[in-house]
Amino acid sequence: MDFGSRLKKIRLERNMIEYELAELLNVSDRTISKWEHGISSPDIISLRNIVTKLNVSTDYLLGLTDDVEPINKTK
């Protein structure tokens, strides 16, 4: 599964539509769609926002593990 598929899976598990995720990340819903369809990829700042706001592992989104939970949870 690629980055876009994993992002969409997490978004749907959080019961969010593209617009809601876009608002949370301060990007357009078109940007979310491009990420999910593999047309483009988030920059490093956006990637950090995704993992922080969705509480998901960067390694999971990048396809390096199937473990969704972040290793270091901030308190």
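It should be emphasised that the depicted structure is a prediction, and the values quoted were computed from it without experimental measurement.

A. Summary view of the side chain of Glu 36. As for its position among the elements, Glu 36 is in helix α3 (residues 29-36). Taking relative accessible area as the criterion, Glu 36 reaches 8% and is therefore assigned buried. Sequence-distant contacts of Glu 36, that is, excluding residues within four places in its chain, are made with Gly 4, Ser 5, Leu 7, Lys 8, Arg 11 and Glu 18.

B. A look at the packing of helix α2 (residues 18-25) against α3. At a minimum axis separation of 8 Å, α2 and α3 run at an interaxial angle of 110 degrees. By the criterion of interaxial angle, the relationship of α2 to α3 is roughly perpendicular. Contacts between α2 and α3 pair Glu 18, Tyr 19, Leu 21, Ala 22 and Leu 25 from the former with Asp 29, Ile 32, Ser 33, Trp 35 and Glu 36 from the latter. Taken together, the residues of the contact of α2 with α3 break down into six nonpolar, one polar and three charged.

C. Layout of the nonpolar core. By size, the foremost hydrophobic cluster in this structure holds 17 residues, and its most contacted members are Leu 7, Ile 50, Leu 54, Val 56 and Leu 61. Looking at which element gives the most residues to this core, the answer is helix α4 (residues 44-54), with four residues. Once residues lying within four places of it in the same chain are set aside, the contact partners of Val 56 are Ile 10, Arg 14, Ile 50, Val 51, Leu 61, Val 68 and Pro 70.

D. Region of interest: α4. For α4, the complete set of buried residues consists of Ser 46, Leu 47, Ile 50, Val 51 and Leu 54. Down the axis of α4, the sector holding all buried residues measures 135 degrees, keeping them to one side. The outward face of α4, more than 90 degrees from its buried face, is lined by the exposed residues Ile 44, Ile 45, Arg 48 and Thr 52. Looking at the buried side of α4, the elements it contacts are α1 (3-13), α2, α3 and α5 (58-61). The opening residue of α4, the one whose side-chain oxygen lies 3.2 Å from the backbone nitrogen of Ile 45, is Asp 43.

How each quantity is defined
Along each chain, residues carry numbers from 1 onward, in the same order as the chain's sequence is written. For this predicted model, a pLDDT threshold of at least 70 governs which residues receive local features, and a threshold of 80 or more governs which side-chain atom pairs are given and counted, while totals over whole chains, interfaces and linings are taken from all residues. Based on all heavy atoms of the structure, the side-chain values leave hydrogens and waters out of the count. Counting from the N terminus, the helices are the DSSP runs of H or I reaching at least four residues and the strands are the DSSP runs of E reaching at least two. Residue exposure (1.4 Å probe, protein chains only): buried if accessible area is under 20% of the type maximum, exposed if over 50%, otherwise partly exposed. Throughout, a contact is declared for two residues whenever any of their heavy atoms are within 4.5 Å. The convention used is that axes are lines fitted to C-alpha atoms, helices contributing only their stretch in contact, and that angles between N-to-C directions extend from 0 to 180 degrees. Angles below 35 degrees are treated as roughly parallel, those above 145 as roughly antiparallel, those between 65 and 115 as roughly perpendicular, and all remaining angles as oblique. When residues are sorted by character, Ala, Val, Leu, Ile, Met, Phe, Trp, Tyr, Cys and Pro go into the nonpolar class, Asp, Glu, Lys and Arg into the charged class, and all the rest, Gly among them, into the polar class. Among the buried residues, those of types Ala, Val, Leu, Ile, Met, Phe, Trp, Tyr and Cys that are joined through side-chain atoms within 4.5 Å form a nonpolar core. Taken from the helix axis, the directions to the C-beta atoms give the arc we talk about. Here a polar contact is recorded for every N or O atom pair within 3.5 Å, except that within protein the pair must consist of a potential hydrogen donor and a potential acceptor, and residues adjacent in sequence are included only if both atoms are side-chain atoms.

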